[in-house]
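Tertiary structure, described
So the chains spell out like this:
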Amino acid sequence: MTSSTFSEPHSSGLPYYQELARKGEVHFEPSREMYLVLSHRLVRRVLTDPHTFSCRNGIEDVFKDATSAPALLGLDPPDHTRLRALAASAFTPQTVARLKRCTYELAHRALNEVIEAGAMDVVADISDKLPLMVVAGILGLPRDDWKHFLRWSHYIAAAAAPTVTREKEADHRVPLLEMRRYLLAEIEDRRARPMEDLLSRFVHADVEGARLDTEEVLSLTMLLVSAGHGTTANGIGQGIRWLLAHPDQLDKLRRDRRLLPTAVEEILRYDPPMYMVPRVVTRTVELEGHTLEEGNRLLYVAATANRDENVFSHPDRFDVTRDPNPHLSFGYGIHFCLGAALARQEMRAALDVILDRCLHLERADTAPLEHGGAVHLNGLKHLRVRFQPGAQCSVDVAAA
């Protein structure tokens, strides 16, 4: 496997990984000294056994230039359990339900800026903006600061890539320090003047009889900004891409918006926002004839797990009515994505608003799509479309 093959994103790299999966559920890649876990069954096994397949693979230090506290994504129990319980308070079903109107208002607000032109870049104009404006609102930060969050989020994603080098790490230091300075000022403000927002909750929360220190609050907030952006932004962009590539499915969704929930799940399955995730083996374990030793590295590949023909009928078919749809794009077990419900709601809102207001939607060019960001993520650099402006905004966005 060459470096270029390893870094190929889903749309062009998937056939390679599917070919590996047909040969076996586990594949050892000697040039990178990594095991690839490719089947739905074994990916679930990896995700439900954190004591054998540890998250402590370097990703826990992704914020090391900005805070001494490790990232939640790189923690195993019991540290993970303690911090996850606090972070989960941001994403209760009641909280997400209250945010439904907000996601629609912000989707309309973003589209208002381009609707009269009859053309837009879905990535730059919608999918990059919406998730960060929502996260800023949850944290109680100015929504217009989303541009800063976007730059910081891209650096964090690149720093967390399983192929990042020490030379590349140095490129991330300055923006992460900028983010630290920005958030420290906000944290100190909430410490002195608590507000009704998530950042205040982090600052003043009592976790097992103790408060989080400033570094832990920083780490949690940075994770919320980066994780709250990447998955949703990639999902919205890829969703429009694949709907345009399958006009029959786009037409089904236009005619029956009750299909939005299953359409979102199919988008997440068909083209997962996070392509591959690293783990480190903590003890000798057998996986399908391979003996993995302590310290061995592996990557579980969500894209092939989501196309496993033992789980999904016609796995290469894009079907917005697919149900059930047990994809693994949000992980599984104790590391199931905390913000999954919110990401789903944002994707539904963005797709619903675009389909309402952008008639005769089509690609604006035929140039090959470029993938951007870190190699383990699956986002587009651009998705330029044109359309006939349709219905006017149906909600009041003045306060959004």
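What you are looking at is a predicted structure, and each value in this text was computed from that prediction instead of being measured. (Residues numbered from 1 in each chain as written. Predicted model: local features only at pLDDT ≥ 70, side-chain atom pairs only at ≥ 80, totals over all residues. Heavy atoms only, no water.)

Further remarks concern the overall build of the protein. In terms of regular secondary structure, the protein is built from 15 helices and 14 strands. Counting every position in the protein, which comprises 400 residues, the buried fraction comes to 55%. For the protein, contacts bridging at least 24 residues in sequence account for 71% of all contacts bridging at least 6. With the model as given, the accessible surface of the protein reaches about 17200 Å², and the carbon-plus-sulfur share is 50%. (Helix = DSSP H or I, 4+ residues; strand = E, 2+ residues; numbered from the N terminus. Buried < 20%, exposed > 50% of the residue type's maximum accessible area, 1.4 Å probe, protein only. Contact = heavy atoms within 4.5 Å. Areas by Shrake-Rupley, 256 points an atom, 1.4 Å probe, with all protein chains shown as cover.)

We now examine the packing of helix 5 (residues 93-112) against helix 15 (residues 340-357). One can describe the packing of helix 5 onto helix 15 by two numbers: an axis separation of 9 Å at closest approach and a directional angle of 40 degrees. On the basis of the axis angle, helix 5 is oblique to helix 15. As helix 5 packs across helix 15, the resulting crossing turns out to be right-handed. Listed contacts from helix 15 to Val96, Leu99, Lys100, Thr103, Tyr104, Ala107, His108, Leu111 and Asn112 of helix 5 are Ala341, Leu342, Gln345, Glu346, Arg348, Ala349, Ala350, Asp352, Val353, Ile354 and Arg357. (Axes fitted to C-alpha atoms, helices over the stretch in contact; angles between N-to-C directions. Parallel < 35°, antiparallel > 145°, perpendicular 65-115°, else oblique. Left-handed = near helix turned anticlockwise from the far one by under 90°.)

Here the protein shows a mean pLDDT of 85. Residues at 70 or above account for 84%. Within the model, pLDDT remains below 50 along residues 1-10, and this stretch shows 30 contacts once partners closer than five positions in the same chain are excluded. With pLDDT under 50 throughout, residues 396-400 is counted as low confidence; its partners more than four residues away or in other chains account for 11 contacts. (pLDDT = per-residue confidence, 0-100.)

Working note: α-helix, 3.6 residues per turn, so residues spaced by three or four point in the same direction. For helix 11 (residues 214-245), built from 32 residues, the straight-helix expectation of 46 Å at 1.5 Å per residue is met to within 8% by its first-to-last C-alpha distance of 47 Å. Taken across its 32 residues, helix 11 has 29 buried, putting it largely inside the fold. (Expected span 1.5 Å × (residues − 1).)

The peptide bond linking aspartate 323 to proline 324 adopts the cis configuration, its omega dihedral lying at 5 degrees. Its place among the elements puts proline 324 in the loop between helix 14 (302-305) and helix 15. One non-glycine residue, histidine 314, adopts positive backbone phi at about 45 degrees. Of note, histidine 314 is situated in the loop between helix 14 and helix 15. Even without glycine at this site, histidine 360 takes up a positive phi of about 55 degrees. Considering the arrangement of structural elements, one finds histidine 360 in strand 11 (residues 358-363).

The next subject is the environment of valine 123. Mapping valine 123 onto the fold places it in helix 6 (residues 122-127). Taking the C-alpha atoms as reference points, valine 123 and glutamine 238, 115 residues apart in sequence, are found 9.3 Å from one another. Once you skip the residues sitting within four places of it in the chain, valine 123 turns out to touch Asp128, Leu380, Lys381, His382 and Leu383.

A complete count under the given rule lists 26 salt bridges for this structure. Two residues, arginine 41 and glutamate 25, come together in a salt bridge whose shortest N-O distance is 2.8 Å. Of this pair, arginine 41 sits in helix 3 (residues 40-47) while glutamate 25 sits in the loop between helix 2 (10-23) and strand 1 (26-29); the two residues are 16 residues apart in sequence, bridging distant segments of the chain. Overall, the relative accessible area of 44% leaves arginine 41 in the partly exposed class. The class of glutamate 25 is partly exposed, set by a relative accessible area of 22%. (Salt bridge = Lys/Arg side-chain N within 4 Å of Asp/Glu carboxyl O.)

This paragraph deals with the sheet that holds strand 11. The strand order across the open sheet built from three strands is 4-14-11, with neighbouring strands paired in antiparallel fashion. The sheet is open, and its two edges are formed by strand 4 (119-121) and strand 11, each paired on a single side. Strand after strand, the sheet turns through a mean of 30 degrees between neighbouring axes, direction not considered. One ladder, built from three bridges, connects strand 4 with strand 14 (residues 384-389); its direction is antiparallel. (Pairing = 2+ DSSP bridges.)

The next subject is the packing of aromatic side chains. Evaluation of the coordinates by the stated rule reveals nine aromatic pairs. Ring geometry for phenylalanine 149 against tyrosine 182: centres 5.8 Å apart, planes inclined by 85 degrees, an arrangement best described as edge-to-face. On the criterion of sequence distance, the pair formed by phenylalanine 149 in helix 8 (residues 146-159) and tyrosine 182 in helix 9 (residues 166-192) is long-range, its members being 33 residues apart. Taking 6.1 Å as the distance between ring centres and 70 degrees as the angle between the ring planes, the aromatic pair formed by phenylalanine 330 and phenylalanine 336 counts as edge-to-face. Using a relative accessible area of 5% as the deciding quantity, one classes phenylalanine 330 as buried. A connected cluster of aromatic rings, assembled from ring pairs, spans Tyr16, Tyr17 and Tyr275. Taking the ring centre of phenylalanine 312 as reference, the NZ or CZ of arginine 269 above it sits at 5.3 Å. Looking at arginine 307, its charged tip hangs above the ring of tyrosine 270, at a distance of 4.1 Å from the centre. (Phe/Tyr/Trp six-rings, centres within 6.5 Å; stacked < 30°, edge-to-face > 60°. Lys NZ or Arg CZ within 6 Å of the ring centre and 35° of its normal.)

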